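# Remarks on the overall topology
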Amino acid sequence: MLKIISFICLSVIPTLSFADTISCGGKFVIVSDAPSAKEPFFSVAIEGTSTSSTHLFEIQNDFLHLRCEVTSTGRHVILINNFCGGSGCAGFGNFGIIEVSTGKVLLEPNQRYKGNIEQATEIIGTELKPFTCELKSIEICLHSKIELG
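Residues numbered from 1 in each chain as written. Predicted model: local features only at pLDDT ≥ 70, side-chain atom pairs only at ≥ 80, totals over all residues. Heavy atoms only, no water.

## Description of the environment of Ile117
Structurally, Ile117 is set in helix H2 (residues 117-124). Ile117 sits in the partly exposed class, given a relative accessible area of 29%. Separated by 24 residues in sequence, Ile117 and Gly93 have C-alpha atoms that sit 6.2 Å apart. What Ile117 contacts, discounting residues up to four positions off in sequence, is Phe92, Gly93, Phe95 and Leu128. (Helix = DSSP H or I, 4+ residues; strand = E, 2+ residues; numbered from the N terminus. Buried < 20%, exposed > 50% of the residue type's maximum accessible area, 1.4 Å probe, protein only. Contact = heavy atoms within 4.5 Å.)

## Brief notes about unusual backbone geometry
Unusually for a residue other than glycine, Cys133 sits at a positive phi of about 55°. Residue placement: Cys133 occurs in the loop between H2 and strand E9 (139-143). The exposure class of Cys133 is partly exposed, given its relative accessible area of 33%.

## Examining the sheet that holds strand E2 (residues 27-32)
With respect to topology, four strands assemble into an open sheet ordered E1-E2-E3-E4, the strand pairing being antiparallel. If you trace the sheet from one side to the other, it starts and ends with strand E1 (19-24) and strand E4 (52-58), each paired once. Between one strand and the next, the sheet's axes are offset by a mean angle of 20°, whatever the strand orientation. Both E1 and E2 contribute to a ladder of six bridges, which runs antiparallel. Within E2, the residue paired with Asp20 across the bridge is Val31. (Pairing = 2+ DSSP bridges. Axes fitted to C-alpha atoms, helices over the stretch in contact; angles between N-to-C directions.)

## Examining the confidence of the model for the protein
Of the residues in the protein, 87% reach a pLDDT of 70 or more, and the chain-wide mean stands at 86. Looking over the protein, one finds the lowest element-wise mean pLDDT in helix H1 (residues 2-12), namely 39, and the highest in strand E8 (residues 105-107), namely 98. Contacts from residues 1-17, a stretch scored under 50 in pLDDT, to residues over four places away or in other chains number four contacts. (pLDDT = per-residue confidence, 0-100.)

## Overview of the state of the cysteines
Counted by the stated rule, this structure contains three disulfides. In this model Cys24 forms its disulfide with Cys68; the gap between the sulfur atoms is 2.0 Å. Note on the Cys24 and Cys68 pair: the S-S dihedral is about 65°, so by sign convention the disulfide is right-handed. Of this pair, Cys24 sits in strand E1 while Cys68 sits in strand E5 (residues 63-70), and the two are 44 residues apart along the sequence. Looking at Cys24, the relative accessible area reads 1%, which means it is buried. Along the protein, the cysteines that take part in disulfide bonds pair up as 1-2, 3-4, 5-6, counted in sequence order. (Disulfide = S-S within 2.5 Å.)

Structure follows, in structure tokens:
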């Protein structure tokens with residue numbers, strides 16, 4: 001009987017792409033890889049009691065690194081580095097910044113080839129530290145495995 005119940009429970013769980021969660025400014029930030037080439041976006045969802053928002057980032061930039069930062073003015077933001085791995089890609093970063101309390105995008109990661117570290121540093125108000133992507137860090141680091149044709 002237990003095997004039947006286990007099978008039923010497992011069979012109703014939907015197949016989801018890889019997702020990870022961090023806490024930032026009293027909210028949860030859920031990050032997931034693209035589920036398929038038909039939906040070629042990393043998803044960043046900010047969930048809170050009063051507001052929630054979802055932001056999509058193209059997997060054409062096949063890396064998405066993310067962490068919580070506090071700006072020099074005390075605002076909690078999500079710092080995102082959405083970059084590609086080719087020789088023509090920005091060296092240190094193609095940054096996006098989202099304000100946690102409102103879900104407002106403060107900076108788009110739309111400088112794939114030249115980067116936008118100057119704008120990101122100005123918004124954060126301090127020098128940006130590199131992402132470490134260590135297992136026990138407070139960062140989420142994804143590399144999409146989906147091949148775009």
